Amino acid sequence: MPASYVYLGPEGTFTEVALRTLPESATRELVPMVSVPAALDAVRNGEAEAAFVPIENSVEGGITTTLDELVAGAPLMIYREVLLSITFALLVRPGTQLSDIKTVTAHPAAQPQVRNWMKANLPPDVVWESAASNADGARLVQEGRYDAAFAGEFAASRYGLEPLETEIHDAENAQTRFVLVGRPARPAAPTGSDKTSVVIWQRDDHPGGLRDLLGEFAVRGVNLMLLQSRPTGEGIGNYCFAIDAEGHISDRRVAEALMGLKRICLQVRFLGSYPRADATTAKVRPTLPGTSDTEFVAAADWVARCQDGRF
Ligand SMILES: O=C(O)C(=O)Cc1ccccc1
């Protein structure tokens, strides 16, 4: 298998910085790609071992391109996640002043994190154009296509630009979550502080349908960390749900919740069980009495004994 990790490029993205925090990235060739779909396709067709892409940010929620790619097409699996605190710099060609800026660019997910700053600091008629990534925006400024780009300060030197302003962030402590995605295989062993991601499609539309899905987690004491609805593309009102749950598929309560979903849903796509990036603050024990592995096993043994007439 080729030992390369592809990532949302070009060089100098926040994605690259986050990827380099993973110890395993040091032993792989890191290859920038032009988009999230291109990165994931390289994994699907076997050109790359894994892809590293942004999936969620704490200001706007899910990065929809990534979610939609994981929901459709040949199945992929998440193996790792990284959380990165994000502040932007405004990068310009040397000599540009704030008052010269007529066009500005960045990845669409950057906009909600810099909107107020733009209103307060840039000319009111400034035009925003989306770029494929924040580093790609910097590259386009270098080429003269736009006057300024919001990107990581570290991208400035790579593209011959200057940071005119730094530490730009409308929300304090804005974080972006990135995931390492590969082809399906056995998930890594549980660490005691893990997360499980699935996508589910409801069988039919009925009152309380979403409550029924969530109930499969609730009654087993499984805490949810993300619930994101995405249109299926089959008409208004047709949605699937991307869910992150606390725990590992080898935890009985998580496995039983997934079995419950499998029984009542049209389709369930397992996206992986992997270590939580915020492991130190994770709540690792179930809070609902009777939902530990031991209690699930004891209850299953009891039913088996009843079936055998050995109670
Ligand atoms: O990695 C980048 O630079 C990206 O373009 C994705 C992104 C967008 C907004 C915040 C963090 C990462």
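None of the values given here were measured: they were computed from a predicted structure.

1. Observations concerning the packing of helix 8 (residues 252–264) against helix 9 (residues 293–308)
Interaxial distance between helix 8 and helix 9 falls to 8 Å at its minimum, and their mutual angle equals 60°. Here helix 8 is positioned oblique relative to helix 9, judged by the angle of their axes. Contact with helix 8, carried on its side by Arg252, Arg253 and Glu256, involves Asp293, Phe296, Val297 and Ala300 of helix 9 and no other residues of that element. Of the residues in the contact of helix 8 with helix 9, the class split is three nonpolar, no polar and four charged.

2. Quick notes on helix 5 (residues 134–142)
Helical geometry note: an α-helix holds 3.6 residues per turn, so side chains three or four residues apart project in the same direction. For helix 5, the buried fraction is high: seven of the nine residues fall into the buried class. Regarding helix 5, the residues found buried are Asn134, Ala135, Asp136, Gly137, Ala138, Leu140 and Val141. Those residues of helix 5 hidden inside the fold are in contact with helix 1 (14–19), strand 6 (88–92), strand 7 (103–106) and strand 9 (148–151). At the C-terminal side of helix 5, Gly144 shows a positive phi close to 90°.

3. Looking at the UniProt feature "domain: Prephenate dehydratase" (unreviewed entry) in the chain
According to UniProt, the positions carrying the feature "domain: Prephenate dehydratase" (unreviewed entry) are residues 4–183. Along residues 4–183, the helical share is 26% and the strand share 34%, with 13 Å between the first and last C-alpha atoms.

4. Remarks on the site of the ligand
Residues in close proximity to the ligand include Leu8, Thr13, Phe14, Thr15, Pro54, Ile86, His107, Ala109, Ser133, Asn134 and Thr176, which together make up its full environment. The separation between an oxygen atom of the ligand and a polar side-chain atom of Thr15 is 2.6 Å. A distance of 2.9 Å separates an oxygen atom of the ligand from a polar atom in the backbone of Asn134. Partitioned by chemical class, the residues of the shell around the ligand number five nonpolar, six polar and no charged.

Parameters at a glance
Residues numbered from 1 in each chain as written. Predicted model: local features only at pLDDT ≥ 70, side-chain atom pairs only at ≥ 80, totals over all residues. Heavy atoms only, no water. Axes fitted to C-alpha atoms, helices over the stretch in contact; angles between N-to-C directions. Helix = DSSP H or I, 4+ residues; strand = E, 2+ residues; numbered from the N terminus. Parallel < 35°, antiparallel > 145°, perpendicular 65-115°, else oblique. Contact = heavy atoms within 4.5 Å. Nonpolar A, V, L, I, M, F, W, Y, C, P; charged D, E, K, R; others polar. Buried < 20%, exposed > 50% of the residue type's maximum accessible area, 1.4 Å probe, protein only. UniProt positions renumbered as here; feature names shortened; annotations may be inferred. Near = heavy atom within 4 Å. Polar contact = N/O pair within 3.5 Å; in protein donor to acceptor, adjacent residues only side chain to side chain.

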